[in-house]
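Fold and geometry: a report
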Amino acid sequence: MYRTAEDPWSLAERWYERRKYDLTVAALPLPRYRRAFEPGCSVGELTRRLAGRCDSVLACDRVDSAVETARRRTAGLPHVSVRRMLLPEEWPEGSFDLVVLSELLYYLDETALDAVLRRTVSSLEPGGTLVTVHWNHPVAEHLTTGAGVARRVAARPGLVLLADHREEDFVLQVHQRAAADGHGPAGVAAREGLV
Ligand SMILES: C[S@@+](CC[C@H](N)C(=O)[O-])C[C@H]1O[C@@H](n2cnc3c(N)ncnc32)[C@H](O)[C@@H]1O
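Attention here is on the structure that accompanies the text. (Residues numbered from 1 in each chain as written. Predicted model: local features only at pLDDT ≥ 70, side-chain atom pairs only at ≥ 80, totals over all residues. Heavy atoms only, no water.)

Re the packing of aromatic side chains
- Applying the stated rule across the entire model yields six aromatic pairs.
- On the basis of an interplanar angle of 85 degrees and a centroid distance of 5.5 Å, the ring pair of Y16 and W135 is categorised as edge-to-face. Placement of Y16 in helix α1 (residues 15–26) and of W135 in strand β5 (residues 124–135) is noted, with a sequence separation of 119 residues between them.
- By relative accessible area, which is 22% here, Y16 ends up partly exposed. (Phe/Tyr/Trp six-rings, centres within 6.5 Å; stacked < 30°, edge-to-face > 60°. Helix = DSSP H or I, 4+ residues; strand = E, 2+ residues; numbered from the N terminus. Buried < 20%, exposed > 50% of the residue type's maximum accessible area, 1.4 Å probe, protein only.)

Observations regarding the pattern of salt bridges
- By the definition in use, this model includes 18 salt bridges.
- The shortest N-O distance in the salt bridge between R34 and D97 comes to 3.7 Å. Residue R34 is located in strand β1 (residues 33–39), and its partner D97 is located in strand β4 (residues 96–102); the two are separated by 63 residues in the primary sequence.
- Judged by its relative accessible area of 8%, D97 is buried.
- Between R152 and E110 there is a salt bridge; the shortest N-O distance is 2.9 Å. Within this pair, whereas R152 is found in helix α5 (residues 146–154), its partner E110 is found in helix α4 (residues 110–123), the two being separated by 42 residues in sequence.
- Salt bridges linked by common partners bring E6, D7, D22, E45, R48, R49, R72 and R73 together as one network. (Salt bridge = Lys/Arg side-chain N within 4 Å of Asp/Glu carboxyl O.)

Some points on the side chain of H134
- Looking at the secondary structure, you find H134 in strand β5.
- Side-chain polar atoms of H134 contact the backbone nitrogen of L105, separated by 3.0 Å.
- With residues near it in sequence (within four places) discarded, H134 still touches L101, S102, E103, L104, L105, Y106, G146, V149, D169, F170 and V171. (Polar contact = N/O pair within 3.5 Å; in protein donor to acceptor, adjacent residues only side chain to side chain. Contact = heavy atoms within 4.5 Å.)

Overview of the sheet that holds β4
- The seven strands lie next to each other as β3-β2-β1-β4-β5-β7-β6, forming an open sheet whose pairing is mixed. Two strands lie at the open edges of the sheet, namely β3 (80–84) and β6 (159–166), each paired on one side alone. Within this sheet the neighbouring strands show an average axis-to-axis angle of 15 degrees, counted without direction.
- Judged from the six bridges that link them, β1 and strand β2 (residues 54–61) form a sheet pairing that is parallel. The residue bridging A36 from the neighbouring strand is V57, located in β2.
- On top of the sheet, α1 reaches β5, β6 and β7 (170–177); it is set at about 20 degrees to β7, its chief contact. (Pairing = 2+ DSSP bridges. Axes fitted to C-alpha atoms, helices over the stretch in contact; angles between N-to-C directions.)

Side note on the nonpolar core
- Counting residues in each nonpolar core, the largest one holds 27 residues, and the members touching the most others are L28, L50, V82, L98 and V131.
- Dropping the residues within four chain positions of it, V82 is found in contact with C41, A59, V67, A70, R71 and T74. (Core = buried A, V, L, I, M, F, W, Y, C linked by side-chain atoms within 4.5 Å.)

As for the site of the ligand
- Surrounding the ligand, one finds 19 residues, the nearest of these being Y2, Y21, G40, D61 and S102.
- Between the ligand and the protein, one listed contact pairs a nitrogen atom with a backbone N or O atom of G40 at 2.7 Å.
- Its free accessible area being 600 Å², the ligand has 95% of it covered by the protein chains.
- Taken together, the residues of the shell around the ligand break down into 12 nonpolar, three polar and four charged. (Near = heavy atom within 4 Å. Areas by Shrake-Rupley, 256 points an atom, 1.4 Å probe, with all protein chains shown as cover. Nonpolar A, V, L, I, M, F, W, Y, C, P; charged D, E, K, R; others polar.)

Quick word on the pairing of β4
- Burial analysis of β4 places seven of its seven residues in the buried class, the great majority of the element.
- Two strands pair when backbone bridges link them, and β1 and β4 are joined in this way by two bridges, in the parallel orientation. Within the sheet, the bridge partner assigned to F37 lies in β4 and is V99.
- One ladder, built from six bridges, connects β4 with β5; its direction is parallel. Bridging across to β5, V99 finds its partner in L130.

In structure tokens form, the structure reads like this:
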């Protein structure tokens, strides 16, 4: 797809995508994150929005031209770095307090999906946030749908579901990595002292 178009899904132009990105960022339960990881970043449109809420963002994609475009579109954001990386074999060092898996997991076969989810949970700090958002209609190249991805994520130990936003077109979920003391997550209102 990238051989014939710089941005094959018109991610910058489509109202559908821009609205979904806004919903994705709005669903983040914390106002700020220290270090975010966004694999499968494509041309960096969601990356640009995440950059507004994070002290640093590491984004990656398997396709060279996507990495180049994402670098160009985030050039004015020195706290964003974009690397070429093929998941799950390649994975960044260190831990993250936010991982965003957007329109990525349905490209992975059973084994790769399992490995990506395992590596995601182990690189999330206790209490860290995982966002998953995926198209829910069947597509020839997709091995599952948004609802199928949600079932796979639900089966992964170590995550607690905080939010589950479902539309006809996509499924957006927010999870928290279980805290080290085993305590459940505090909601946003509790953190703000409202309840
Ligand atoms: C539909 S785009 C999603 C872009 C972006 N996450 C968003 O939501 O706008 C999926 C991207 O995932 C990348 N991708 C697919 N499999 C990958 C893998 N195993 N490792 C890294 N990137 C991958 C593709 O190259 C493509 O750019």
